[in-house]
Amino acid sequence: MQSREIVNMMINDVEDSIKYLCGPNNNDETDDIKTEIKKLSDNDKIILIKNLENIIKYILLNEQIEGFIDNINLSDENRFNLIENAIYYIGRIGIKPDVELLKKVYNQTENYFIKQNITFTVLPYYVEDIELDFVNKLLNDSIFEKRLCSWTIAFFYNKSNPYEYEDNGIDDCEIAKKARINRLTLNNEDDLNIEKAKAFRLLDLIVIYLFQKTRGKNFLTDTEKEIISNVRIDYDEYSEQKKKLMLDVKK
């Protein structure tokens, strides 16, 4: 199925959308779908985000949603993929999601990947209670640390199932590193993509820091070290607590 057909399906056919979203995705596939989502009218984007949020309410929170089919039987794997994919695309529509819904799911779930996904989804809206909670877990929980590194490599290298791959500390992660280094070079308000760069700044620094812990002091080139040293962390959108944390991670 072509990416445009998938997007149209997610707008117009919730039942078939649920079937599609039950499968795992990789970076190449999601990039194509994100491209098509950007082309949507504002009205279609509103319909899309509402449909995806309703899927989460219905499947995960057991809320009754008008028009949804009854008795959807899903395996644990399919249920996880469905929620994971719905949250992912909610964060790529360009419309502010139902933050309170995502907070509710974040606080309710014990699943690392769903917590990670929600964190990435709310970053552009500076929901710092979620962001700082997740970062604290990354810095203080070895399981969270390894899962972030593993998922990052698996997603960027299009592993068949990014949720099962485990980072061994030596696998190539250059693509993932460079994506974050490139964002860290954006410091001026008129830079292209500066809004996403600002939103992801703390997590970009954290990912690089965690990879360096396992790859050693030669993981970063001198140029990359200079980029990190000079990265701007004083934007008005950041709390003082977040600025201090970024300063600590930079060191």
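So, here's what we can say about the structure. (Residues numbered from 1 in each chain as written. Predicted model: local features only at pLDDT ≥ 70, side-chain atom pairs only at ≥ 80, totals over all residues. Heavy atoms only, no water.)

1. A few points about the side chain of Arg-215
At step 1: Along the chain, Arg-215 falls in helix 12 (residues 201-215).
At step 2: Given the relative accessible area of 19%, Arg-215 is considered buried.
At step 3: Polar contacts involving the side chain of Arg-215 include one to the side chain of Asp-167, which spans 2.8 Å.
At step 4: Apart from the residues lying within four places of it in its own chain, the contact partners of Arg-215 are Ile-153, Asp-167, Gly-169, Ile-170, Asp-171 and Cys-173. (Helix = DSSP H or I, 4+ residues; strand = E, 2+ residues; numbered from the N terminus. Buried < 20%, exposed > 50% of the residue type's maximum accessible area, 1.4 Å probe, protein only. Polar contact = N/O pair within 3.5 Å; in protein donor to acceptor, adjacent residues only side chain to side chain. Contact = heavy atoms within 4.5 Å.)

2. Let's talk about the packing of helix 1 (residues 3-12) against helix 2 (residues 14-21)
At step 1: Closest axis-to-axis distance for the helix 1/helix 2 pair is 6 Å, and the angle between their directions is 130 degrees. Accordingly, the angle class assigned to the pair helix 1 and helix 2 is oblique. The two elements helix 1 and helix 2 cross, and the hand of that crossing is left-handed. Two secondary-structure elements touch here, helix 1 through Ile-6, Met-9, Met-10 and Asn-12 and helix 2 through Val-14, Asp-16, Ser-17, Tyr-20 and Leu-21.
At step 2: Residue composition of the contact of helix 1 with helix 2, by class: six nonpolar, two polar and one charged. (Axes fitted to C-alpha atoms, helices over the stretch in contact; angles between N-to-C directions. Parallel < 35°, antiparallel > 145°, perpendicular 65-115°, else oblique. Left-handed = near helix turned anticlockwise from the far one by under 90°. Nonpolar A, V, L, I, M, F, W, Y, C, P; charged D, E, K, R; others polar.)

3. Things to note about the nonpolar core
At step 1: Core analysis: the largest hydrophobic core is formed by 85 residues, its most contacted members being Leu-52, Ile-56, Tyr-89, Ile-118 and Leu-138.
At step 2: If near-sequence neighbours (up to four positions away) are discounted, Tyr-89 is found in contact with Met-10, Tyr-20, Leu-21, Asn-25, Thr-30, Ile-33, Ile-37 and Leu-52. (Core = buried A, V, L, I, M, F, W, Y, C linked by side-chain atoms within 4.5 Å.)

4. Some words on the packing of aromatic side chains
At step 1: Per the stated rule, a full pass over the model turns up 16 aromatic pairs.
At step 2: Judged by centre distance (6.2 Å) and plane angle (40 degrees), the ring pair of Phe-211 and Phe-219 falls under tilted.
At step 3: Between Tyr-235 and Tyr-238, the aromatic rings sit 5.6 Å apart at their centres with planes inclined by 85 degrees, giving edge-to-face as the arrangement. Side by side, Tyr-235 and Tyr-238 carry an identical accessibility label, which is buried.
At step 4: These aromatic residues form a ring-pair network of at least three members: Tyr-88, Tyr-89, Phe-120, Trp-151, Phe-155, Phe-156 and Phe-200.
At step 5: The positively charged end of Lys-177 is found above the aromatic ring belonging to Phe-219, 4.7 Å away from the centroid. (Phe/Tyr/Trp six-rings, centres within 6.5 Å; stacked < 30°, edge-to-face > 60°. Lys NZ or Arg CZ within 6 Å of the ring centre and 35° of its normal.)

5. Structural notes on the layout of surface pockets
At step 1: Quantified by volume, the largest pocket comes out at close to 1,100 Å³.
At step 2: Along its surface, the largest pocket is lined by 38 residues, and Lys-34, Gly-91, Arg-92, Lys-196 and Phe-200 are the ones closest to its centre.
At step 3: Listed by contribution, the elements that provide at least two residues to the lining of the largest pocket are helix 3 (27-38), helix 5 (76-90), helix 7 (112-122), helix 9 (142-156), helix 10 (174-184) and helix 11 (194-199).
At step 4: Examining the composition of the lining of the largest pocket, we find that six residues originate from one element, helix 3, more than from any other.
At step 5: Residue composition of the lining of the largest pocket, by class: 17 nonpolar, 11 polar and 10 charged.
At step 6: What the second largest pocket holds in volume is close to 150 Å³.
At step 7: Put simply, the parts of the chain that give the lining of the second largest pocket at least two residues each are helix 12, helix 13 (222-230) and helix 14 (240-250).
At step 8: Considering every element that reaches the lining of the second largest pocket, the biggest residue donor is helix 12, with four residues.
At step 9: Each residue belonging to the lining of the second largest pocket can be placed in one class, and the counts come to six nonpolar, one polar and three charged. (1 Å grid on protein atoms, 1.4 Å probe; cavity = no way out; pocket = protein on both sides within 12 Å on 5 of 7 lines; lining within 4 Å. Points joined across faces, edges and corners; volume = space filled by probe spheres on them.)

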